[in-house]
Amino acid sequence: MLTRREEREQAFILLFEKSFNSETELSELYELAVENEVISESEFVKKLIAETWKNIDEIDPIIEKYSVRWKFGRISKVALAVLRLAVCEIMYFDDIPVGVSINEAVELCKKYAAKDDAAFVNGILGSLSKDAK
């Protein structure tokens, strides 16, 4: 049984992978990853990636709005995948506290992203959470 943190990490990995495979459906990436035992099967992961991708046209402008003095195209693929996941949780998963989504996003950045990305992601999500109240 996976922890929520592990499930988020798996969802992040799939969203990151999607940024290099734009022609491949996320559901297909998920099935391949499970089949090859890269990730474990998880309903939460499936729901999180599906919800993120379904709402990407609403999520990306939110990220762009809060990435002050930083053009959207300059955001690293790692930070962007983390941000998409966290914004999706904040906007569409009422059962997940905003603080948890922000903390988990920062932890993912610390593990996978460049040194300054965690602070960048924290700043964007912090601003979003203040405005979302």
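Please refer to the structure placed before this passage.
Residues numbered from 1 in each chain as written. Predicted model: local features only at pLDDT ≥ 70, side-chain atom pairs only at ≥ 80, totals over all residues. Heavy atoms only, no water.

A. Examining the overall build of the protein more closely. Helix and strand counts for the protein stand at 7 helices and 0 strands. Along the chain direction, N to C, the helices and strands of the protein fall in the order α-α-α-α-α-α-α. Expressed along its principal axes, the backbone C-alpha trace of the protein runs to roughly 40 × 30 × 30 Å. Evaluated residue by residue, the protein yields a buried proportion of 48% over its 133 residues. Within the protein, contacts between residues separated by at least 24 positions form 66% of all contacts whose residues are at least 6 apart in sequence. Carbon and sulfur atoms make up 50% of the accessible area of the protein, which totals about 7700 Å². Between the averaged position of the 18 positive side-chain charges in the protein and that of its 25 negative side-chain charges there is a distance of 9 Å. (Helix = DSSP H or I, 4+ residues; strand = E, 2+ residues; numbered from the N terminus. Buried < 20%, exposed > 50% of the residue type's maximum accessible area, 1.4 Å probe, protein only. Contact = heavy atoms within 4.5 Å. Areas by Shrake-Rupley, 256 points an atom, 1.4 Å probe, with all protein chains shown as cover. Lys, Arg positive; Asp, Glu negative; His and termini not counted. Charge placed at Lys NZ, Arg CZ, Asp CG, Glu CD.)

B. Examining the packing of helix α1 (residues 4-18) against helix α5 (residues 77-92) more closely. The geometry of α1 relative to α5 is characterised by a closest axis approach of 9 Å and an angle of 125° between their N-to-C directions. For the element pair α1 / α5, the angle class is oblique. At the point where α1 passes α5, the crossing takes the right-handed sense. On α5, the residues that touch Arg8, Ala11, Phe12, Leu15 and Phe16 of α1 are Lys77, Val78, Ala81, Val82, Leu85 and Glu89. Considering only residue class, the contact of α1 with α5 consists of 8 nonpolar, no polar and 3 charged. (Axes fitted to C-alpha atoms, helices over the stretch in contact; angles between N-to-C directions. Parallel < 35°, antiparallel > 145°, perpendicular 65-115°, else oblique. Left-handed = near helix turned anticlockwise from the far one by under 90°. Nonpolar A, V, L, I, M, F, W, Y, C, P; charged D, E, K, R; others polar.)

C. Quick look at helix α6 (residues 98-112). Relative to the 21 Å expected for 15 residues at 1.5 Å per residue, α6 spans 21 Å between its end C-alpha atoms, a close match to the ideal helical length. Along α6, the positions that sit buried rather than exposed are Ser101, Ile102, Glu104, Ala105, Val106, Leu108 and Cys109. The inward-facing, buried residues of α6 abut α1, α5 and α7 (117-132). (Expected span 1.5 Å × (residues − 1).)

D. Representation of the packing of aromatic side chains within the structure. Per the stated rule, a full pass over the model turns up 5 aromatic pairs. Ring plane angle 25° and centroid distance 6.0 Å describe the contact between Phe12 and Phe16, whose orientation is recorded as stacked. You can see Phe12 and its partner Phe16 sitting in helix α1, 4 residues apart, about one turn around the helix. Given a relative accessible area of 25%, Phe16 falls into the partly exposed group. Considering the side-chain rings of Phe12 and Tyr112, the 5.0 Å spacing of their centres and the 40° angle between planes classify their relative orientation as tilted. (Phe/Tyr/Trp six-rings, centres within 6.5 Å; stacked < 30°, edge-to-face > 60°.)

E. Geometry of the side chain of Glu9. As for its position among the elements, Glu9 is in helix α1. With residues near it in sequence (within four places) discarded, Glu9 still touches Leu108, Lys111 and Tyr112.

F. Expanded view of the side chain of Ser67. Assignment of secondary structure puts Ser67 in the loop between α4 (56-66) and α5. Using a relative accessible area of 4% as the deciding quantity, one classes Ser67 as buried. With residues near it in sequence (within four places) discarded, Ser67 still touches Ile75, Phe120 and Ile124.

G. A look at the pattern of salt bridges. This model, assessed by the stated rule, comprises 8 salt bridges. The salt bridge involving Arg5 is made with Glu104; its shortest N-O contact spans 2.9 Å. Residue Arg5 is found in helix α1, and its partner Glu104 is found in helix α6; the two are separated by 99 residues along the sequence. We classify Arg5 as partly exposed; its relative accessible area is 41%. On the accessibility criterion, Glu104 (11% relative accessible area) is buried. We note a salt bridge from Lys46 to Glu43, for which the minimum N-O separation is 3.2 Å. Residue Lys46 and its partner Glu43 are located together in helix α3 (residues 43-54), separated by 3 residues, close to a single helical turn. (Salt bridge = Lys/Arg side-chain N within 4 Å of Asp/Glu carboxyl O.)

So far we have only geometry, and geometry alone does not tell us how the molecule works.
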